[in-house]
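# Descriptive analysis of the structure
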Amino acid sequence: MIGIRKADLERLKPYGDTMDDGKTQLSFSLPVPAGPEAAEAAKRLVLAHGFADPMMVRMEAMGPTMSFFVFYGAMQQTIDYKNLVVPKAEFEALDMHQIDDLIEAQFGRRLVVVGACPGTDAHTVGIDAIMNMKGYNGHYGLERYKMVKAVNMGAQIPPEALVARAIAENADAILASVVVTQKDLHITTLTELVEVMEAEGVRDRMLAIVGGPRMTYDLATELGFDAGFGPGSYAEDVAAYVAQELLRRQGKAMPVRA
Amino acid sequence: MIGIRKADLERLKPYGDTMDDGKTQLSFSLPVPAGPEAAEAAKRLVLAHGFADPMMVRMEAMGPTMSFFVFYGAMQQTIDYKNLVVPKAEFEALDMHQIDDLIEAQFGRRLVVVGACPGTDAHTVGIDAIMNMKGYNGHYGLERYKMVKAVNMGAQIPPEALVARAIAENADAILASVVVTQKDLHITTLTELVEVMEAEGVRDRMLAIVGGPRMTYDLATELGFDAGFGPGSYAEDVAAYVAQELLRRQGKAMPVRA
Amino acid sequence: MMKLPLDNAKVAYARSLAERVVSPLLESFAARSTVSIERAVLRLYGVDGVDHEDIPWPNRVVDRLKQDGRLTTGAARALAATVRASGLPVQEAAVHLAQHGLESDLNDPTEAGAAREWAELEARKALTRLAATRQARRETRLRLGTGPTPQKYLIVATGNIHEDVPQGVMAARQGADIIAVIRSTGQSLLDFVPHGETTYGTGGTYATGANFRLMRQALDEVGEELGRYIQLTNYASGLCMPEISVLAAQEGLDMLLNDALYGILFRDINIHRTLTDQHFSRMLNAFSGIIINTGEDNYLTTADALEEGHTVLASQFINERFAKAAGMPESLMGLGHAFEMNPNTEDGLLYEIAMAQLVRQVFPEAPIKWMPPTKHVTGNIFWTYAHNTLYNLVGVLTGQSIELLGILTEAIHTPFASDRYLALQNADYVNRYARHLSEEIQYAPDGRIARRAAQVLDEAVGLLEKVADEGLVPSVAKAVFAGVTRLPDGGKGLAGVFDRADTYLNPFEALLARQEVRA
Amino acid sequence: MMKLPLDNAKVAYARSLAERVVSPLLESFAARSTVSIERAVLRLYGVDGVDHEDIPWPNRVVDRLKQDGRLTTGAARALAATVRASGLPVQEAAVHLAQHGLESDLNDPTEAGAAREWAELEARKALTRLAATRQARRETRLRLGTGPTPQKYLIVATGNIHEDVPQGVMAARQGADIIAVIRSTGQSLLDFVPHGETTYGTGGTYATGANFRLMRQALDEVGEELGRYIQLTNYASGLCMPEISVLAAQEGLDMLLNDALYGILFRDINIHRTLTDQHFSRMLNAFSGIIINTGEDNYLTTADALEEGHTVLASQFINERFAKAAGMPESLMGLGHAFEMNPNTEDGLLYEIAMAQLVRQVFPEAPIKWMPPTKHVTGNIFWTYAHNTLYNLVGVLTGQSIELLGILTEAIHTPFASDRYLALQNADYVNRYARHLSEEIQYAPDGRIARRAAQVLDEAVGLLEKVADEGLVPSVAKAVFAGVTRLPDGGKGLAGVFDRADTYLNPFEALLARQEVRA
Ligand code: B12
Ligand code: B12
Ligand SMILES: Cc1ncc(COP(=O)(O)O)c(C=O)c1O
Ligand SMILES: Cc1ncc(COP(=O)(O)O)c(C=O)c1O
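The following refers to the structure shown. (Residues numbered from 1 in each chain as written. Chains lettered and ligands numbered in written order. Predicted model: local features only at pLDDT ≥ 70, side-chain atom pairs only at ≥ 80, totals over all residues. Heavy atoms only, no water.)

All right, on to the interface of chain C and chain D then. In this assembly, 45 residues from chain C lie in contact with 45 residues from chain D. Buried surface at the junction of chain C and chain D, summed over both partners, amounts to about 4000 Å²; 60% is from carbon and sulfur atoms. By the criterion of area lost to chain D, the three top residues of chain C are C:Phe382, C:Tyr433 and C:Glu440, representing 21% of everything that side buries. On the surface where chain C and chain D come into contact, there are six salt bridges. Two residues, C:Glu439 and D:Arg448, come together in a salt bridge whose shortest N-O distance is 3.1 Å. For the side of chain C that touches chain D, the leading source of residues is helix α15 (residues 381-398) of chain C, giving nine residues. (Contact = heavy atoms within 4.5 Å. Buried area = accessible area lost by both parts, 1.4 Å probe. Salt bridge = Lys/Arg side-chain N within 4 Å of Asp/Glu carboxyl O. Helix = DSSP H or I, 4+ residues; strand = E, 2+ residues; numbered from the N terminus.)

All names here are of chain C. Mapped onto the fold, Glu 340 is located in the loop between β8 (336-338) and α14 (348-362). For the buried Glu 340, no salt bridge exists, and the shortest N-O distance to an oppositely charged side chain is 6.8 Å, to Lys 375. Among the polar contacts made by the side chain of Glu 340, one reaches the main-chain amide nitrogen of Lys 375 at a distance of 2.9 Å. If near-sequence neighbours (up to four positions away) are discounted, Glu 340 is found in contact with Leu 300, Thr 301, Ala 305, Glu 352, Pro 372, Pro 373, Thr 374, Lys 375 and His 376. (Buried < 20%, exposed > 50% of the residue type's maximum accessible area, 1.4 Å probe, protein only. Lys, Arg positive; Asp, Glu negative; His and termini not counted. Polar contact = N/O pair within 3.5 Å; in protein donor to acceptor, adjacent residues only side chain to side chain.)

Another point: the coordination of the cobalt atom of ligand 2. Just one protein atom coordinates the cobalt atom of ligand 2, and that atom is B:His123 (NE2), at 2.1 Å. Mapping B:His123 onto the fold places it in the loop between β4 (111-116) and α3 (125-131). (Donors = N, O, S within 2.8 Å, 3.2 Å for Na, K, Ca; no water.)

Residue and element names in this part refer to chain D. Inspection of the region around ligand 4 gives Arg 183, Ser 188, Tyr 235, Ser 237, Leu 257, Asp 259, Tyr 262, Arg 267, Gly 295 and Asn 298 as its neighbouring residues. Within the side chain of Ser 188, a nitrogen or oxygen atom sits 3.1 Å from an oxygen atom of ligand 4. In the model, an oxygen atom of ligand 4 is placed 2.9 Å from a nitrogen or oxygen of the Tyr 262 side chain. The protein chains hide 88% of the 390 Å² of surface that ligand 4 would expose on its own. Here the shell around ligand 4 is composed, by residue class, of three nonpolar, four polar and three charged. (Near = heavy atom within 4 Å. Areas by Shrake-Rupley, 256 points an atom, 1.4 Å probe, with all protein chains shown as cover. Nonpolar A, V, L, I, M, F, W, Y, C, P; charged D, E, K, R; others polar.)

What follows is about the pattern of salt bridges. A side chain of one charge can pair with a side chain of the opposite charge when the charged atoms of the two come close. All names here are of chain C. All told, the structure shown has 93 salt bridges over all chains when counted by the stated rule. Close ionic contact of Asp 254 with Arg 216 constitutes a salt bridge, the shortest N to O distance being 2.7 Å. Within this pair, whereas Asp 254 is found in the loop between α9 (241-251) and β5 (255-257), its partner Arg 216 is found in helix α8 (residues 209-226), the two being separated by 38 residues in sequence. There is no split in this pair, since Asp 254 and Arg 216 are both buried. Through salt bridges with shared partners, a single network forms among Arg 39, Arg 43, Asp 48, Asp 191, Glu 243, Arg 273 and Asp 277.

The next point concerns the relation of the copies chain B and chain A. Both copies of the chain are placed relative to one another by a rotation about an axis and a shift along it. Laying chain B over chain A is done by rotating through 180° and shifting 0.0 Å along the axis; what remains is an RMSD of 0.0 Å. Taken together, the rotation angle and the small translation identify this as a two-fold axis. Rotation axis and chain B: the residue whose C-alpha lies nearest the axis is B:Leu26, separated from it by 2.2 Å. The residues that chain B uses at the interface reappear at the interface of chain A in 100% of cases, marking a shared surface. (Least-squares fit on C-alpha atoms with pLDDT ≥ 70 in both.)

Written out as structure tokens, the structure reads:
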């Protein structure tokens, strides 16, 4: 098989049309009139951010006091990709049947998850993709799992209400979905959610999991959640994680599969 | 008139949707497979270049060992736009008739310019836009000027040939046009051109001017030219510059117009 | 202009079905009112402002009346009685009413008669003021003219009105015809309208009278500068439909998002609440010449455009019927739909053309509102820009009226200033480059496009038949729209709906119904 | 499939005019040869490699013969005589010939006859080898199949073949059907073909046999991996047309840029040189089943597409006629044109549709090569992406065959890997989303599109009449194409053209002319 010329993985850089050329495209606006001064300011900004050979390929006047720029420049920093350790939810990928089997064998009862879009967020498509019977992109949702009881509270659920329901259901995990991120709304809502869980004394009794298009494992754990799931997640990801993490917490190892 | 909220011109930053948010869009490729590690490496690269809150909004696999990214992040550096001094060709803007009148009054003879695409560059549209009778975008070219003798040698002219012709014509200025910039071809060609002029001892006898889509005054002067003209230039720009610069060199000031 | 071969009898039949869907509900509109309608009435009379806890006085009054069990005869009657009894000007009277409750005896026939007289007279005056606002606006619009269709509709959504205003102005200068200020996430569930100029919102900026005024003024100024009238729009959805309609009328807005079903389906607002509210709110919009924008496009953000295209059309017939019932002319019905076909669909463009052309032909007089790709776009802003190019092409090809421009960062954030700029560049390019394309081509009479249009119409008729037979409320409970189930006694705001007492008074209703209300 | 109402008689008349333009020149092709044709002949016999100064041996031989005044009888004769006299294998004989000149007496009739026999026999063998290469390639192509039309043509142009190869492979994996390796700026003016694998070029990579081989092999491998045959193309323009055609045939290329006029107009190559070269080069291409790509698109990079569209069509008729004269079937004629209308032109899209459809209908069997917006795009990569979207749409709508994909950084740099990726994403989206659009719509018979097409055809006929009357060479001197004047005795390479002696020998000519050369 023919591959691209070998990259230096310890000193990884962008690839434009030549290995290690660092070439990057940027676009931005400046609140000043388009003209030689704006161009110069733009170029210096790109330089100040460590791009070599900044090339302004377009300046357009967006209005009397706003200008739009397209630049190309070469990143000069490198990243040691080879030794990169990326924290992520640790679990073995399983399909629906394997998960059902695992839960049945190891817990002998249905696991209970309670999901919602907390706060003012009304974007239910993501949480529905994970929870509703029908699922998403051909991946069934949790309601379809024999060994999962999935309670989907829907949109705009105050954190208190979500936690109260989780307590009432004796849930194993809370599944929050956050989509609106403008003005860091998701951060505010999620922080509140964790605080309510703590105030109710259930933070250690159940897993707190969050997903959404801008969600990463990093951000989730930073906010005090156990795991975060981003775009392209399916029900089996979170289900496999929940089952295995609960097992791990009970001190049990994941059984070796046939 | 309603304007945008006042920008801090001494600490200028990009404008996304809020003054000073610094928001910038980036795209680039990394020569590694798309995945959590690539995403992390990409994010760290953006961080390493001084962007706050790097947000990966898209990662796509461009192939087994190449990934494509779109990011948003906030520039943190600022530029003192208010006190920015941008070197540029200094001349008063004039129209064709004013230029003809000026030359007639001050020089009493036609100025001679010799133009070409030097080296292997065959992109004549730019130099034609400046020189041909017809001009460009409704701006007549130098051939139309009563008081300018414009010799257009066309494409792919070796620097020696261009300088030889300029000497033969007793030219006041050489006009070079460079379009191909890949592998810095233009730099090589232009450096050669200046060297030939120096070798022939005519560098001080005539103005050396260069234009092209990636040309800036900065780059041109750095390479030893008198001025550089970028996209959107017209014949009257270079003609006004040539006439006024020659006057200046003769110690004459630009006459005040009625 | 190219045309699809449509079965006009079937279209007429669909309209008759929509009438069967809507008619049974009209009675309930006459028999009920809501807290928001009552607050709207107070606002029409001029009650405004907030108390020390930022609670709007209209809310204070209505809450007090409700608490005292005196709301069922209508806020108009209570306000009138208080004004008459106290001799205070309206605002002070309202504050008094909120603080002390209704002190008059409404059973006294003379007093009741006098109150009614005051209420009717003042209502007439209030509407005369609104009519003047409408008239002034119409004149400016005629004097300056508006841009050619498709009219380019751009949103601003910074959360801060002082940031929104310059952005709206910038967009207008770049070529926008219509500016929408998106509301803050969650405002639609507030059972009051916030007050004053606001600088904090997420995903949008609070809809308030003061914010309307600031933007209106800025757009009027830039409109004069540009010699082009710039339209302003906001949202009369959610729990405060009627009040927003009042504020919009007062501040001279040109359009309002206003849908008979949207709040029910997408905000889980109680169906009786929304249906009752939308009726009064549309009467107001009709009077003020405000174009409504319905929200059928939203169905396709959750349901699949290929499978559920007919639900959009069916809902448009229903929205049309509700609007007619509220006295709206077709020229004010900005019925909504969207370009949301999965980009991986083979011949998706053909189906989008079919749908856009179908809607255009079925509602020839309506200023159709068309929405860009949102659901299937990703963070790949380049690819999204390509989707938007084809969207713009279909828009100019099929003669859409109000075209919300696609934003290349749709999947990412509310638009940056440059995102709008690029959106306008795209639309201007396509609209110019394909200006007369629609005059150049004809559809194959039995081709995929014609067949798709016929199929959507057939399926819409089928759905309307079912809804007409079962009733709208039970149908919504069965998830016929957007795959969402809403029960008649579920959702927010049901507590704000009440049955009118026999002596209920709302003089605006009758006046609005009688008024000659052409836009 | 939608059709324009075209006047077929006029099309036939245009073809007859093109014949009148081309016929007078055919005689000169039989009477002349060029240094590059002779070098090509040597290469066909197997002469290859370079001397210590990197001068190719074919050049060394031809230069020596020329210097000795012995070129006019043809390099084949000299090589044959030397092989026979020296008993050396071909390559050594060529080296000997270059170093010592022709030592045989060509006037000896026996010796001359024996040399001719050798030359003819070896020519036959050489062509048999090429035929085997062509046949093997055809089988692979049939076995794997090629992508659907429009076939997506992507360029790589890093300057370094070792960087080009993985990029070509990457593009293939992403969906490219055809990979073109752009040549280094200025190679077309070199009067030799560089040798070996090269790593330095600007704006492109040197066309060399070794570079062809590396890329061919890589694309064959990835083709097997993908189960799709990936075509490879390069440039047989410039001063070395015939030689590049030989190398391409030997290395199994599928297409070549090859135009009767391009080098004259855009590289200032002498008109007699190019016309003579292209004839022999096309005979070779025809034999090897190599599709030519003509360069009419280039006219519109200097001239205006609205005003000068007819020059493109006229030139296509001429290129077609030249190709026929060289024995090419229509299936190998990738006639070129382009989407270069100014984006600010109202209804520009209509005119582009008209032109694309016109070309499609006039040359129904030809694998039309279509070029994307280049001239009017800017560094605003978003806007360029929108242009490319409409370009792709017109491509699938009008059934273009070979579609060079627009690159969003066209105005900036030779494509980045990601630029190609985004280009493919755009094309795939549009081709899928509008797959059967052409079956769905008909053109208004007297609309703008039909009128524009008729006008372009009329103007092309007018131009061809003038050129037929005045002659091609004088017409080019009068700047009828691309606004460029080229004089018959001007330009580069005239010194390399010579009149054949009576005893001139080039056995390939006759063999190629007789051969059954279907692709
Ligand atoms: C559909 C949609 C709507 C629909 C929502 C319908 C519904 N029932 O959900 C409607 C039209 C109602 C709507 C309204 C609004 N929207 Co909206 N909307 C979108 C849109 C087009 C698509 C979102 C979507 O459905 N994605 C598909 C799902 C499947 O993806 P996902 O959510 O990422 O989910 C996946 C993963 O993230 C993960 N996941 C998600 N949650 C969870 C949870 C768990 C536990 C796990 C394990 C995984 C997981 O798994 C899922 C499957 O892989 C986006 C734009 C876009 N293209 O992304 C804007 C968008 C999200 N909306 C936006 C806004 C601002 C709004 C409004 C606030 C605007 C307004 N002021 O009116 C309103 C109000 C809504 C509110 N109160 O929240 C903005 C958000 C900007 C920001 N970043 O802050 C966006 C990005 C549009 C924009 N550019 O402005 N919207
Ligand atoms: C037209 C064109 C061609 C035509 C040229 C025809 C001709 N007679 O000029 C043809 C088709 C022949 C061609 C060929 C090639 N081209 Co070309 N071409 C272009 C194209 C599409 C437009 C250039 C143009 O005409 N611009 C319009 C003029 C008016 O603008 P301008 O040159 O910037 O001039 C203005 C100013 O810059 C200034 N100015 C310019 N010169 C001067 C001089 C003076 C004295 C002054 C005062 C001002 C001034 O004033 C002008 C008017 O405002 C560009 C892509 C693009 N859209 O930009 C590619 C482009 C320039 N070409 C490119 C390449 C690589 C080539 C080739 C080398 C490819 C190949 N290997 O085959 C060949 C070979 C050409 C060669 N040997 O140089 C690349 C260059 C990449 C790079 N940055 O290095 C580009 C950017 C395309 C790409 N993305 O790959 N090309
Ligand atoms: C009719 C209608 N109302 C309102 C909205 C906005 O949502 P919210 O109810 O959160 O203001 C939309 C969304 O696009 C809509 O279509
Ligand atoms: C027919 C033809 N030959 C060659 C080229 C490339 O230019 P050059 O002659 O520099 O190789 C082109 C340009 O696109 C072309 O159309």
